[in-house]
Amino acid sequence: WAANRDRASAPPTPPSSTRFAAHASARRESRAFLSRRSFAARAMSMMMATRAARAVGVADNHRGRHQSRHRRCRGSRAVGAARGVARGGIRRVARVLASSDSGAETTSSGAPAKKPSDGLKPSLVVDLAKGTVKFAPKRRQRNGGELAKDAAVKRMTFEMKDKGNVTIAQLEEEDVDDATNLVMDLFFKVRPQDILAKNRLRGEQAKRVRMGLMDGVKVSEDRVLLAAKVGSVLVGIAEVSLPDGNRFGAEKLRPKAPADKPYLSDVAVSPTQRGRGIGRQLVYAAEQAMARMGHTVVYTHTKVDNDAAQALFEKSGYEEPAEVKASLTQAQIAQRSSKNNPFAKLGLVEVGHILLAKQISLDSTP
């Protein structure tokens, strides 16, 4: 009876079509709610991305307002965060550089610290081709011999015969490879019996030449290396051994040059740049460097068959000392007579050398 009463008092069950319409309405309301919530989430993400981008000064507001997908907004936030980290790192580097330039350190908040900063100032090396920024290698403290060379070798610019300019200064570390190639192209020769091993011998000799040049640039105090550049291109080099310094085999040449006097060697000019006066300016720059160091005479050797070198030094005022001429041995005279010997051109016979000297003074005419 109770069950019949409850059934009789309950509202009538709607037909199936009415129930389907109610469920469809509920689903539509649910979708609309979810859509509103998703739109709010996208709008919030877009607003956060735009604010983050504006904070670093790189926001593209127009693009940000029209990015409709949540994943794009999420990507924008990642890009904005990466840019913020990069900009923050650059700002920190800038603060370090500013504190180094001013001689005072800064704290993490940017406030100047009380303790003064000692040591070398950091510098940055920017490679636009690779897109990299890194700290330059620290320069070591220069000793007295190197400071004396720096004071003696002045950067000089000369006008060449064809109205161009050539700059002569000390050889730098970044020019060592170009200088090695120039020396090898001009001075490396192989004997006929070693022709099959030419490449191996050239590689070994180039390694030794490069090590010697790098030693002269970074370590050695007993020689001066000069470089001639047209623009940024290395076109010539010269080397001056200081008194009692290492001459790398030149001390074995006869007639022998005095060990207590400066010795000029390896004056080399690129074949494509010859005839422009670069060799003569290199010789003049070397003489002026020695004159600033207090020397009054410079010695050098040329091969008997090297007509170009003899002409260069003759125009620069070099000549064979009379006492050296008088002391020539019969063997040395015979070597000089072999200048046109075909075996000498092949490197099978030594042609001999000529010792030249010049009195120098500061600011003499090149």
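Structure: see above.
Q: I'm lost on the packing of aromatic side chains in this one. Help?
A: Scanning all chains against the criterion turns up two aromatic pairs. An angle of 80° between the planes, with centres 5.9 Å apart, marks the rings of Phe 158 and Tyr 284 as edge-to-face. In this pair, Phe 158 is assigned in strand β5 (residues 156-159) and Tyr 284 in helix α8 (residues 278-292), connecting sequence segments 126 residues apart. Residue classification places Tyr 284 among the buried positions, given a relative accessible area of 9%.

Q: In this structure, what is going on with unusual backbone geometry? I would like to understand it.
A: A cis amide bond links Arg 254 with the next residue in sequence, Pro 255, at an omega value of 0°. Relative to the elements of secondary structure, Pro 255 occurs in the loop between β8 (233-241) and β9 (263-269). Unusually for a residue other than glycine, Lys 163 sits at a positive phi of about 75°. For Lys 163, the location among the structural elements is in the loop between β5 and β6 (165-170). Backbone geometry at Asp 266 places phi at a positive 55°, although glycine is not the residue there. Take Asp 266: it is sitting in strand β9.

Q: What is the right way to look at the nonpolar core in this model?
A: A general trend in soluble globular proteins is that nonpolar side chains are found buried together. Among the nonpolar cores identified, the biggest contains 33 residues, and Leu 226, Leu 264, Ile 278, Leu 282 and Met 290 are the most heavily contacted of them. Of the residues forming this core, the biggest block, nine residues, is contributed by α8. Residues in contact with Met 290, not counting those within four places in the same chain, are Val 224, Val 240, Leu 242, Pro 262, His 295, Val 298 and Ile 360. In this structure, Leu 171, Leu 182, Val 209 and Leu 234 belong to the second largest nonpolar core, which totals 15 residues.

Q: Sorry, what's going on with a nonpolar patch on the surface here?
A: Nonpolar side chains collect at one region of the surface, where Leu 124, Val 126, Leu 128 and Val 133 lie side by side and expose about 410 Å² of accessible area between them. With respect to the element layout, Leu 128 can be found in the loop between β3 (124-127) and β4 (132-135).

The rules we used
- Residues numbered from 1 in each chain as written.
- Predicted model: local features only at pLDDT ≥ 70, side-chain atom pairs only at ≥ 80, totals over all residues.
- Heavy atoms only, no water.
- Phe/Tyr/Trp six-rings, centres within 6.5 Å; stacked < 30°, edge-to-face > 60°.
- Helix = DSSP H or I, 4+ residues; strand = E, 2+ residues; numbered from the N terminus.
- Buried < 20%, exposed > 50% of the residue type's maximum accessible area, 1.4 Å probe, protein only.
- Core = buried A, V, L, I, M, F, W, Y, C linked by side-chain atoms within 4.5 Å.
- Contact = heavy atoms within 4.5 Å.
- Patch = residues over 30% accessible without salt bridge, like charges linked within 9 Å, V, L, I, M, F, W, Y side chains within 5 Å.
- Areas by Shrake-Rupley, 256 points an atom, 1.4 Å probe, with all protein chains shown as cover.
- Salt bridge = Lys/Arg side-chain N within 4 Å of Asp/Glu carboxyl O.

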